[in-house]
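# Working through the structure, step by step
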Amino acid sequence: MKKASTFFVIVTLLRAWYPDYSVMVTDYVLPQRYLAPMKIHSIGLQALGVEFNGLYNHPLDNAFRNPAYLGLNNGQYFYLDLAGDQSEPAAEDEVYARPGIYHDLAYSSPYYWSPYREQAPAEAQEPLGRLVYLGRPMKLFPLRLGLTAEYFFARQEFYQPYWYSWGWREYDANGAAYDRELVDPYEDYRLVESGENNQDEQGFRISSFIAMPLFSFLSTGMRLTIDRREIDGDYRDFNNYDDSPWRDEYLRYNSVVKTRDQVFEQYDLSVGVMINSGGNSRLGATVGRITGNIDRRLAESDSSYYYSRYFHHPDTNRSNTYRSSSGYSSNKDWIYDGHGNYGMIHGDWQVTEAAQVRWGLGFEERRADLQESESMWRRSRHHSIYWYNDESEHRENDSHSRMQIERAGSGTYRVKNYRINLGVDWWLSPKVRFVGGLALMTDTDKRRAEEPFLGEKYTFYRREWNNNSEVEYLQTDDKSFSWRRDKRVNQASLPTGVIVKAGESVELTLGLTKIIRTVDIEEGYDLVVYHETNTHRIDGTTITSSDSAYVDGYQFPDINLLDNYYELNAGISFKYRERFRITAAFHESILEPRFFKIGAEFKW
């Protein structure tokens, strides 16, 4: 019986306090690039597909694979692109299990918006512009240098407006819906009539390389990447209506202010060595370390007032008066601070003059700690009067509620990734080049959070006329969420591509990748209730109940997904000899976003 009653309390709290919400840590989804090794892919690789990384032989891709590759380069390489039409997801392609919006049963669903959920906005994955230089600037010295510079800027609306029907302003602190006659019908309150609705992201990413051959059989190199982005979002909506025609009054005031700020900063340092065994056959190793932090802040405030008075005619003395007001404030902070380590051993084996076998074995480890906090309050009041003289009818409704929440939690983020690839880069003829192979990857992601929770909610409702009644409810809580989530991804990729020289100045590229991926997610939380008090007063009768020191929780249904699809990439290059080339790359996939990009390469 105790278990059944506590389960009922949990479900009730989830519905009343936080529709579609479990713990604060799930409110912000980490960007994909957090603590991940830095990579820039050549335009030729993008025309084949990112799964060809490590198989396709190109100076730019090689330098980010191992900076010691730069020590083998005696020429000069320059690359320029002005970004392209690409909209990669800003955050991890996460799926969480959580209670559904109808609160009947828990079910699996992707992210969706709710009044208590802050969904990560789209963050720029492609820069507005990118410059790359790799080469040996002075022939008299064996030192090789490299530099990449990227500038990011994205502008969008803070909120994309759409209708929702479970907005918090229609509910009291217990989650009970107000009578629609007592509130003013409105559309999505995020529609701006007077104010701001914008969000800017800007930043830069710079990589510097230094490499040199130590001996005829040994070269070494180092890379440092600095990545810094800032997000500044503002939403302000102020509406003030005052309409007073004859025998009617109407006034509505609404003020909404929201701000979102984020600072992302990351440093990536890697060193590598290459052993040349003769010709184009070589063996290499690289290790790296990343440090990075994210400071995310979201602040919201909302206040509104609505008044309406209707007087029909003195002969009948009809009268309607409505008053409605509400206020809301929320401040949330997420601070991630962590580091990552990674390494790889790889090799190139020149089987024949035209064919090279390439392989690689790598690992990544990411560790970050989370500090988070939330302070929220909400208040609302509704009043209604109706008078009809002919029937001597009188009716009056009055209700008000308040809610206050404080929490400060901590969490951990742990990821391990292992991958291996094996393939061949083979000129089948002077005009046809084949690139293909196999890539395997496994990724484990473990996240934890502890969130102590203090809160109070209060609701009062009074009704007069015929059946006079009063209902008052007060609840105080001292509890803690202990959240856990484990995710495992296994992926096998079969990239197959061809590059065809269609004359002296045109080159065609086609890449087709078969991807098979499994995703398994386990998620749940324990709810420790240190003390909970409920006070009900119904028409003067007070009932108080309290409960202390019990543990309950929920294990969401496991998520087990299988992705089985193809990615298609294509490109066309126009070149002048081998010194200048312009390439247009295309990407199409069922699950991944499409993109189009143009880049220019110079070699001398």
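Residues numbered from 1 in each chain as written. Predicted model: local features only at pLDDT ≥ 70, side-chain atom pairs only at ≥ 80, totals over all residues. Heavy atoms only, no water.

### Side note on the overall build of the protein
The helix and strand inventory of the protein stands at three helices and 19 strands. Sequence separation of at least 24 residues holds for 76% of the intrachain contacts in the protein that already meet a minimum separation of 6. Carbon and sulfur atoms form 58% of the exposed surface of the protein, whose accessible area is close to 28000 Å². (Helix = DSSP H or I, 4+ residues; strand = E, 2+ residues; numbered from the N terminus. Contact = heavy atoms within 4.5 Å. Areas by Shrake-Rupley, 256 points an atom, 1.4 Å probe, with all protein chains shown as cover.)

### Describing the nonpolar core
Core analysis: the largest hydrophobic core is formed by 34 residues, its most contacted members being Val25, Leu30, Tyr34, Ile294, Tyr336 and Tyr413. The set of elements that each furnish at least two residues to this core consists of β8 (248-278), β9 (281-311), β10 (319-350), β11 (355-388), β12 (393-429), β13 (432-464), β14 (469-501) and β15 (506-538). Setting aside chain neighbours within four positions, we find Tyr34 in contact with Phe264, Gln266, Gly292, Asn293, Ile294, Tyr336, Asp337, Gly338, Arg366, Ala368 and Tyr413. Counting 16 residues, the second largest nonpolar core, distinct from the first, contains Met38, Ile40, Tyr77 and Tyr79. (Core = buried A, V, L, I, M, F, W, Y, C linked by side-chain atoms within 4.5 Å. Buried < 20%, exposed > 50% of the residue type's maximum accessible area, 1.4 Å probe, protein only.)

### A closer look at the side chain of Arg260
On the secondary structure map, Arg260 appears in strand β8. Of the residues examined, Arg260 reaches a relative accessible area of 3% and is grouped as buried. Among the polar contacts listed, one links the side chain of Arg260 to the side chain of Gln199, at a separation of 2.5 Å. (Polar contact = N/O pair within 3.5 Å; in protein donor to acceptor, adjacent residues only side chain to side chain.)

### What to know about the pattern of salt bridges
The full count for this structure, using the stated rule, is 33 salt bridges. In this structure, the salt-bridge partner of Asp227 is Arg33, at a minimum N-O distance of 4.0 Å. Of the two residues, Asp227 sits in strand β7 (residues 218-243) while Arg33 sits in the loop between α1 (2-17) and α2 (43-48), which places them 194 residues apart along the sequence. In this structure Asp227 comes out as buried when scored by relative accessible area, which is 5%. Linking Arg297 and Asp295 is a salt bridge whose minimum nitrogen-to-oxygen distance equals 3.2 Å. For Arg297, a relative accessible area of 39% gives the class partly exposed. You can call Asp295 partly exposed: its relative accessible area is 24%. Each of Arg33, Glu201, Asp227 and Arg229 takes part in salt bridges that share partners, so that together they form one network. (Salt bridge = Lys/Arg side-chain N within 4 Å of Asp/Glu carboxyl O.)

### Things to note about the packing of aromatic side chains
Under the criterion given, the structure shown has 11 aromatic pairs. On the numbers, 5.2 Å between centres and 90° between planes, the contact of Phe64 with Phe209 is edge-to-face. Of the two residues, Phe64 sits in helix α3 (residues 59-65) while Phe209 sits in strand β6 (residues 195-215), which places them 145 residues apart along the sequence. Grouping residues by exposure puts Phe64 and Phe209 together as buried. Here Tyr525 and Phe556 contribute two aromatic rings whose centre-to-centre distance is 5.9 Å and whose plane-to-plane angle is 55°, an arrangement assigned as tilted. Taken together, the residues span a long stretch of sequence, with Tyr525 in strand β15 and Phe556 in the loop between β16 (541-555) and β17 (559-576) at a distance of 31 residues. Among the aromatic side chains, those forming a connected cluster through ring pairs are Tyr34, Phe264, Tyr336 and Tyr413. Above the ring of Phe152, the side-chain terminus of Arg229 is found at 3.5 Å from the ring centroid. One Lys or Arg, Lys479, reaches over the ring of Phe453 and ends 5.0 Å from the middle of that ring. (Phe/Tyr/Trp six-rings, centres within 6.5 Å; stacked < 30°, edge-to-face > 60°. Lys NZ or Arg CZ within 6 Å of the ring centre and 35° of its normal.)

### Some points on the pairing of β14
Relative to β15, β14 runs antiparallel, the two being bridged by 31 bridges. By the bridge assignment for β15, Ser493 is matched with Ile515. Here β14 hands over to β15 after four residues, with Gly503 in that stretch at a positive phi of 105°. (Pairing = 2+ DSSP bridges.)

### Description of the side chain of Asn62
Looking at the element boundaries, Asn62 is found in helix α3. Residue classification places Asn62 among the buried positions, given a relative accessible area of 6%. Setting aside residues no more than four positions away along its own chain, Asn62 makes contact with Tyr56, Asn57, Tyr69 and Arg358.

### Quick word on unusual backbone geometry
Even without being a glycine, Leu35 presents a positive backbone phi close to 60°. Residue placement: Leu35 occurs in the loop between α1 and α2. Judged by relative accessible area, Leu35 falls into the buried class, the value being 1%.

### As for the confidence of the model for the protein
Of all residues in the protein, 77% have pLDDT values of 70 or greater, and the mean over the chain is 79. Across the protein, the element-wise mean pLDDT spans from 28 in strand β3 (residues 106-109) up to 93 in α3. Taken together, the stretch residues 1-21 has pLDDT below 50 and engages in 63 contacts with residues farther than four places along the chain or on a different chain. Low pLDDT, under 50, characterises residues 161-169; the stretch is placed with 37 contacts to residues that sit more than four places away or in other chains. (pLDDT = per-residue confidence, 0-100.)

### Examining the environment of Gly49
Tracing the backbone through its elements, the reader meets Gly49 in the loop between α2 and α3. Remark: the alpha-carbon pair of Gly49 and Thr496, spanning 447 residues in sequence, is separated by 9.5 Å.

### Focus: the environment of Ala154
Relative to the helices and strands, Ala154 resides in strand β5 (residues 144-156). Its relative accessible area of 23% is what places Ala154 among the partly exposed residues. Separated by 48 residues in sequence, Ala154 and Gln202 place their C-alpha atoms 6.6 Å apart.

### A closer look at the environment of Asp234
Tracing the backbone shows Asp234 in strand β7. Sequence-wise, Asp234 and Asp261 are 27 residues apart; in three dimensions their C-alpha atoms are separated by 8.8 Å. For Asp234, the contacting residues outside a window of four places in its chain are Phe158, Glu196, Asn197, Asn198, Lys258 and Thr259.

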